[in-house]
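Here are the chains, one letter per residue:
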Amino acid sequence: MGFSMAAAYDRAITIFSPDGRIYQVEYAFEAVRRGWTTIGIRTKSASIVAAEKRKITQLIDEKAIQKIFKIDDHIGASYAGMAGDGRILISYAINQALLHRFYYDEPAPVEYITKLVCDVKQAYTQHAGVRPFGVAMIFAGVDEKGTQLFMTEPSGRYLSYYATAIGEKSNNVIEFLEKNYKYDLDTSESLKLAIQALAGIVEGKPFEDYMEIGYVDVESRRFRILMPNEIRKYVEELDKEGKLKM
Amino acid sequence: MGFSMAAAYDRAITIFSPDGRIYQVEYAFEAVRRGWTTIGIRTKSASIVAAEKRKITQLIDEKAIQKIFKIDDHIGASYAGMAGDGRILISYAINQALLHRFYYDEPAPVEYITKLVCDVKQAYTQHAGVRPFGVAMIFAGVDEKGTQLFMTEPSGRYLSYYATAIGEKSNNVIEFLEKNYKYDLDTSESLKLAIQALAGIVEGKPFEDYMEIGYVDVESRRFRILMPNEIRKYVEELDKEGKLKM
Amino acid sequence: MGFSMAAAYDRAITIFSPDGRIYQVEYAFEAVRRGWTTIGIRTKSASIVAAEKRKITQLIDEKAIQKIFKIDDHIGASYAGMAGDGRILISYAINQALLHRFYYDEPAPVEYITKLVCDVKQAYTQHAGVRPFGVAMIFAGVDEKGTQLFMTEPSGRYLSYYATAIGEKSNNVIEFLEKNYKYDLDTSESLKLAIQALAGIVEGKPFEDYMEIGYVDVESRRFRILMPNEIRKYVEELDKEGKLKM
Amino acid sequence: MGFSMAAAYDRAITIFSPDGRIYQVEYAFEAVRRGWTTIGIRTKSASIVAAEKRKITQLIDEKAIQKIFKIDDHIGASYAGMAGDGRILISYAINQALLHRFYYDEPAPVEYITKLVCDVKQAYTQHAGVRPFGVAMIFAGVDEKGTQLFMTEPSGRYLSYYATAIGEKSNNVIEFLEKNYKYDLDTSESLKLAIQALAGIVEGKPFEDYMEIGYVDVESRRFRILMPNEIRKYVEELDKEGKLKM
Amino acid sequence: MGFSMAAAYDRAITIFSPDGRIYQVEYAFEAVRRGWTTIGIRTKSASIVAAEKRKITQLIDEKAIQKIFKIDDHIGASYAGMAGDGRILISYAINQALLHRFYYDEPAPVEYITKLVCDVKQAYTQHAGVRPFGVAMIFAGVDEKGTQLFMTEPSGRYLSYYATAIGEKSNNVIEFLEKNYKYDLDTSESLKLAIQALAGIVEGKPFEDYMEIGYVDVESRRFRILMPNEIRKYVEELDKEGKLKM
Amino acid sequence: MGFSMAAAYDRAITIFSPDGRIYQVEYAFEAVRRGWTTIGIRTKSASIVAAEKRKITQLIDEKAIQKIFKIDDHIGASYAGMAGDGRILISYAINQALLHRFYYDEPAPVEYITKLVCDVKQAYTQHAGVRPFGVAMIFAGVDEKGTQLFMTEPSGRYLSYYATAIGEKSNNVIEFLEKNYKYDLDTSESLKLAIQALAGIVEGKPFEDYMEIGYVDVESRRFRILMPNEIRKYVEELDKEGKLKM
Amino acid sequence: MGFSMAAAYDRAITIFSPDGRIYQVEYAFEAVRRGWTTIGIRTKSASIVAAEKRKITQLIDEKAIQKIFKIDDHIGASYAGMAGDGRILISYAINQALLHRFYYDEPAPVEYITKLVCDVKQAYTQHAGVRPFGVAMIFAGVDEKGTQLFMTEPSGRYLSYYATAIGEKSNNVIEFLEKNYKYDLDTSESLKLAIQALAGIVEGKPFEDYMEIGYVDVESRRFRILMPNEIRKYVEELDKEGKLKM
């Protein structure tokens, strides 16, 4: 379908085009494609969410930019797309996880939190007076079912992945992951896979300044964000293994 | 009617065209036609709902994708179309079935739940500020009236079927069912008919990874989802019977 | 008036055209004209509402499709047009009849129920943010005034009829009724007239599978739906009388 | 002003055109002009409201079609235009007259009821999200001030008349009334004037089947609707007097 | 500015044009200019509001048409423009005057009532979903400050006048008043000035049937409407004085 | 930027144009520029607000037209632009000043009142369904900080001035003030400067009929409006000083 | 992308363009670019926010124009863009900081306040009926984490900076800062850097009349605004050091 037909349907909020598509939702996905690259990986041992960080100007404090968020002890998340929108949904997820602990006195299943966020996203695609959220999100966690990894789309759809990427250079990362992903990695190997994937696309060095990585492993079930020196250590190992084009 | 006239009516939400059609509802049905194929079959012995599953990339965990949902002990359902929309209506059906048990202390008739979902769908076709739901749903169950199978359309209309299919390859499946459907099948034969129907259109193997099947039989009146090895067993039987093009 | 002028007025909901018409209401009537044919007949002895049923595919269970509804002990109804819309108004009529019995401890006059439904229909033609209901309805009953038959239009107007038809083949049926209707029929003769009228337009056999007929007579004042074998008996009588083209 | 300029102003609800007109209100009056003819006459002795009735098909029960409504013991009313709209305002008038009796324990002045109905009509011409009512109404009654006759327009304006007509053939009737109206008629003469006026425009015979006439005289102050045989008697008298073209 | 530019701004309700005008308000003033002529005069001795009355057809009862309204004992008012709109604002003014007496136990200042009406008018020019009121009003009264005369515009602006006129022939009347107005007239002279002004523009005779005149003088501070014979008396005096073209 | 681009942005209420402007706000300023000229001056000794008054016709009572308003004992204000809008904001300011005294038992700072009015103005530029206020206002007062003078724009912005003017001839007045303004004037000199400024642009004589002047000095902190004879006295002094072109 | 495509998307509030952008948000940033230049700097020792002030006419009191606001004891802020919008968000930030002290009895983290303001900004980009805020804001403070500096965009995004500038001449200032910024400055050096940055772009002298500077240092954690003579002293030092082009 050419552009002119799309033009006829994109102005009215959240209505169907004759071929059953909702352009506003698809355009929201374009906002995701313009975002910084974010990746998720889950293996037998751990669920990881990692994101590139860019230095827009030398006066920006990229260390203070948070891209990886702890949703609950056992869940982390990130997003690609419009920062303002993403922050709203991250806050919503944190609140819902807290409420779940409050009401049931146990950690929320990762899919439960993912679903609640997607219910909000869906509502913003069906009602007038609002626009869809311009973000895709990755939720990584460990719960009763083991490691979990979900990617949510602006439409409110989510799918379970072994590994995935969203944002501007996600195609490069996915290509890399399709070649290199293995399920049976231990936590360190999993983290090194994530770092290797990001290292191929970040725009500066040292790598630890240009990526943020969080993970939760099946033993601890505690989400934590890697310290810069931890990233550096893995980078050095990868370098020794000849896995980085430095 | 050509395209240009349709263009004049598709932008305003839920109004009639001069020939008495509501284009937004028809376009919503296009979203259904773009969905993964879902089928329903009811025989003397059982009501079945089954759906194809696709592997979008090798990194997706198609086993974690849920297409068949238990609405209540005696009812299952699936949908074709927009995943975000479908999930909302599945949740609504589950809640209404629960409320029925709470208020009346007995399982809800299958048509009652179907009707409640369709009332919501209808409202979203008549009021401004919303768009119709972009999903068709199949409800399969057993109640006082025996096996039941309803398919709901985006307009809020539902009809009773012996067998039907919705989604991208529904025409192929319906053609198959029109030739092979029989009412007097027992539960195993019914399930094998469903598997055979899906096997003709799924895009990968082993079949148990690419289809999800739920059923409720008249004896147990309990909806359950087939385990992969159960599907595999039926596939092997069908293969021996020469009913699968492997 | 040609099409182009209509085009200028049909998009805005429920406003007048320069010649004092409301196009959305007229287009809603087109939805009625696309519906399955439904007829109403009242004679000295009984009020009847009857509808054709179609077999869209051989997999549909046309016996489970309900076209004739009991509104109260003494009133039945049917509709032609959009099924989702019709179901909403049928439910509304049933509830209002129940409330009337609850408040006044006596059956509601047929016109009273008709009027309440039409008040809802009218409101949906005068306020923005909604579209008119795309159904015409026939209410048939017996009350203090004797046999009653009303047909309601999407505009909220209703009229009293001796006999009428709505839906796709209503013109053929009305032509037949204008030639054959008599007021002084007994209940059996009235039912046979309805069957004969429908037999001329239904699309399959045996007739009892393709029509649904409800009636209320002045003696019992109780609305009931004919069993298939009852229809078959009348069909056989009509056949013997040479009144059916078999 | 030609058509093209009107076209620019008729779509937005209830806004002024550059020459200070509100087209939606004027178009609503067109709906009145398409309605069945309704007349009002008041003389020294009585206030009369009368309406033509048409037989759309031979299957319609024109006797059951009500065009003249009792608003209160001392007030009758009719309308021309959209039947659904008219019914709503008739119900409103009846309720307000009842409330007036309830609160003040005396019959409401005819102008008071007329004014309340016109307040509703005016509001529907000034606020967005609604369309004007497509009816003109005639209120005829007797109160402390003697015989009363008001005609209300879709704009919410009303005027006091000695005699007037609305609807499709109102011009013919008004022409007749301008020639034949006299204030000093007694009740019988007044009724015969109304019948003579209608007889010139109704489309069938016997006349009593094609007209409905209500009146209230200054002695009884009670509104009543003529029985068919009463109309017939007046028709016969008029015929003898050579005043009807039979 | 030509017409085409105005066309671009008149459809959206109550927004500014590039030259800072609100066309809807100006168009509402056109509705005033189409109204029957209404005049206001205040002198040392009295405040007068007077209006022409027209006989649209010979069947109309122009004596029953009220154009001059008592707002409170000491205030009268009239309007030119849309009758339905005017009636609403007259009722509002009467209610507010009543409330003022109720709360403060003294008559409301004339400007206070004028201001309240203008607050409503202003609100209808600034908010979407409504149109401005299509009436200009004249309030005439006597209060602590002496004789008072205000004319309110559709914009919500009001000004104090010695004499003014609104409606179709207001220019003729204003021209007459600019030549003949004097402040130091007594009440009879003031009333004769008003009658003389109206006599120049009314369309029928006797004059008392075609004008309605109310006044309040500084002695009585009581608003009253002239009886037809009072008007006739003044007309005869004016005629003797050679001031009427009869 | 030419006109055609502006045309594309001026219809939708309160949205940004590509160059970051909000045309509706700028057009509202045009309404200010069409208003009667209003000036504000503050010196060491006093804050003054003054306005021209025009005689639209000889029948208008320009003495009764109020352009200068007391907001509180120590604050006066005026506006240029749409009279209906201005009156609403003047009332709002008076109410807020009263509330401040009620809650805090001390006079409100002049900037506090200015700010509250501007908060309302800002809200009317950011929300749909309303238009901006078509007035600029000048607040003049004396508070703890000394003499104060603020001018508020339709956007909700306000600035502190030594002297300023708004309305049709504001450019002439500002030019005059830029040449003649001095901070160290006493109250009489300040008032004479204001009169001299207005005298250059008013359209009739005697000057006291065509201007209204209010001031508050640092000694009394009480806002009062000059009597006509006070203005006349200053005019005579200015005339003697050769400062008026008579 | 050229202009014509943008034109198609800029009128509807807050919807996505096909490339995933929201034009209204980008146009709001143009309003920021039209604003007076505002800068933020944080070093080891202090967080500074500073803004240029312009003298629009000689009659304006630029000393009374406030550009730098104290949000709480330890936080200051400024904005560039639409003054009315900025004032609203400054008030909101002050209220939220106050509430934080009230609820938690401790100063709010700088990022917490920034985030709350951005949540409001984000909401105004996602809902219809409002426009985005046309301001960017700089929050400068010191909290448990040390010096803090955030810049918020109209989209609701915020980033942490070492130094940044917004408004009309921000590019010049950023260029200067990229060359001259050092983290290890003491408070005086930091303030002199800010003054030097502003001195390059302000439009008048003496500099202290054309800039406003606020800072909070790590020792006091108290935000204060420099007195004109303090600015003058730094200016003189900078001049002696040859760092100002005077």
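Given the structure is predicted, the values throughout are model-derived calculations rather than measurements.

1. Here we look at the overall build of chain A
And step 1. If you tally the helices and strands in chain A, you get seven helices and ten strands.
And step 2. Here the C-alpha atoms of chain A give a radius of gyration of 18 Å, agreeing with the 18 Å that 2.2 N^0.38 yields for 246 residues.
And step 3. C-alpha atoms of chain A, sized along the principal axes, occupy 55 × 45 × 35 Å.
And step 4. Out of the 246 residues in chain A, the part that is buried amounts to 63%.
And step 5. Considering only residue pairs separated by 6 or more positions, chain A has 63% of its internal contacts joining residues 24 or more positions apart.
And step 6. The positive charge centre, built from 32 side chains, and the negative charge centre, built from 34, are 2 Å apart in chain A.

2. Structural notes on unusual backbone geometry
A negative phi holds for most residues other than glycine; trans holds for most peptide bonds.
And step 1. Residue P206(C) follows K205(C) across a cis peptide bond; omega there is 0°.
And step 2. Counting through the fold element by element, P206(C) comes out in the loop between α6 (187-199) and β9 (211-217).
And step 3. We note that R221(A) has phi near 50°; this positive angle belongs to a residue other than glycine.
And step 4. Secondary-structure assignment places R221(A) in the loop between β9 (211-217) and β10 (224-225).

3. A short note on the interface of chain D and chain E
And step 1. At the junction of the two partners, chain D supplies 35 residues and chain E supplies 34 residues.
And step 2. Here chain D meets chain E over a buried area of about 3000 Å², counting both sides, of which 59% is carbon and sulfur.
And step 3. Sorting the residues of chain D by area buried against chain E places F16(D), Q126(D) and Y162(D) first, and these three jointly supply 23% of that buried surface.
And step 4. In this structure, R87(E) and D119(D) form a salt bridge, with 2.9 Å as the shortest nitrogen-oxygen distance.
And step 5. The interface formed by chain D and chain E includes 14 residue pairs in polar contact (both at pLDDT 80 or more).
And step 6. At the level of secondary structure, the elements contributing two or more residues to the side of chain D that touches chain E comprise α1 (3-9), α4 (110-126), β7 (158-160) and α5 (170-180) of chain D.
And step 7. Residues of the side of chain D that touches chain E, tallied by class, amount to 18 nonpolar, ten polar and seven charged.

4. With respect to the interface of chain A and chain G
And step 1. Contact residues are listed per partner, giving 34 residues for chain A and 35 residues for chain G.
And step 2. Interface area, chain A with chain G, both sides summed: about 2900 Å², of which 59% is carbon and sulfur.
And step 3. If you look at where chain A meets chain G, you find two salt bridges.
And step 4. Linking chain A to chain G there are 15 residue pairs in polar contact (both at pLDDT 80 or more).
And step 5. Elements with a contribution of two residues or more to the side of chain A that touches chain G: α1 (3-9), α2 (23-33) and α3 (83-104) of chain A.
And step 6. Broken down by element, the side of chain A that touches chain G gets its largest block of residues, six residues, from α3(A).
And step 7. Taken together, the residues of the side of chain A that touches chain G sort by class into 18 nonpolar, seven polar and nine charged.

5. Some details on the environment of E26(E)
All names here are of chain E.
And step 1. For E26, the position within the fold is in helix α2 (residues 23-33).
And step 2. Since its relative accessible area comes to 28%, E26 is described here as partly exposed.
And step 3. Each C-alpha atom, one on E26 and one on G214, is 29 Å from the other, the two residues being 188 residues apart in sequence.

6. As for the packing of helix α6 (residues 187-199) of chain D against helix α7 (residues 228-240) of chain D
Residues and elements named next belong to chain D.
And step 1. At a closest axis distance of 10 Å, the pairing of α6 and α7 adopts a crossing angle of 85°. Here α6 lies roughly perpendicular to α7, going by the angle between them. Residues S188, L191, K192, I195 and Q196 of α6 pack against I231, Y234, V235, E237 and L238 of α7.

7. Some details on the sheet that holds strand β7 (residues 158-160) of chain E
Residue and element names in this part refer to chain E.
And step 1. Here we have five strands laid out as an open sheet, ordered β3-β4-β5-β6-β7, and antiparallel in their pairing. On the outer flanks of this sheet lie β3 (69-72) and β7, each paired with one strand and no other. Sheet twist, expressed as the mean angle between neighbouring strand axes with direction ignored, is 25°.
And step 2. As paired strands, strand β6 (residues 146-152) and β7 are joined by three bridges and run antiparallel to one another.

8. A few points about the environment of T57(A)
Residue and element names in this part refer to chain A.
And step 1. Its place among the elements puts T57 in the loop between β2 (46-52) and β3 (69-72).
And step 2. Assessed through its relative accessible area of 22%, T57 is described here as partly exposed.
And step 3. Looking at T57, its side chain comes within polar contact range of the main-chain nitrogen of L59, at 2.9 Å.

9. Brief notes about the pairing of strand β4 (residues 75-81) of chain B
Look at any regular strand and the pattern is simple: side chains alternate between the two faces of the sheet.
Residues and elements named next belong to chain B.
And step 1. Where burial is concerned, most of β4 is hidden: six out of the seven residues are buried.
And step 2. Once strand β3 (residues 69-72) ends, the chain turns through two residues before running back antiparallel as β4.
And step 3. Summarising the sheet, β4 and strand β5 (residues 135-143) pair through seven bridges and their orientation is antiparallel. Counted as the bridge partner of G76 is A140 from β5.

10. Let's talk about the packing of aromatic side chains
And step 1. Under the defined criterion, the tally for this structure stands at 56 aromatic pairs over all chains.
And step 2. With 6.5 Å between their ring centres and 65° between their planes, Y103(A) and Y104(A) make a pair best called edge-to-face.
And step 3. Against the face of Y234(E) rests K233(E), its NZ or CZ located 4.7 Å from the ring centre.

What counts and what doesn't
- Residues numbered from 1 in each chain as written.
- Chains lettered and ligands numbered in written order.
- Predicted model: local features only at pLDDT ≥ 70, side-chain atom pairs only at ≥ 80, totals over all residues.
- Heavy atoms only, no water.
- Helix = DSSP H or I, 4+ residues; strand = E, 2+ residues; numbered from the N terminus.
- Rg over C-alpha atoms; globule rule 2.2 N^0.38 Å.
- Buried < 20%, exposed > 50% of the residue type's maximum accessible area, 1.4 Å probe, protein only.
- Contact = heavy atoms within 4.5 Å.
- Lys, Arg positive; Asp, Glu negative; His and termini not counted.
- Charge placed at Lys NZ, Arg CZ, Asp CG, Glu CD.
- Buried area = accessible area lost by both parts, 1.4 Å probe.
- Salt bridge = Lys/Arg side-chain N within 4 Å of Asp/Glu carboxyl O.
- Polar contact = N/O pair within 3.5 Å; in protein donor to acceptor, adjacent residues only side chain to side chain.
- Nonpolar A, V, L, I, M, F, W, Y, C, P; charged D, E, K, R; others polar.
- Axes fitted to C-alpha atoms, helices over the stretch in contact; angles between N-to-C directions.
- Parallel < 35°, antiparallel > 145°, perpendicular 65-115°, else oblique.
- Pairing = 2+ DSSP bridges.
- Phe/Tyr/Trp six-rings, centres within 6.5 Å; stacked < 30°, edge-to-face > 60°.
- Lys NZ or Arg CZ within 6 Å of the ring centre and 35° of its normal.

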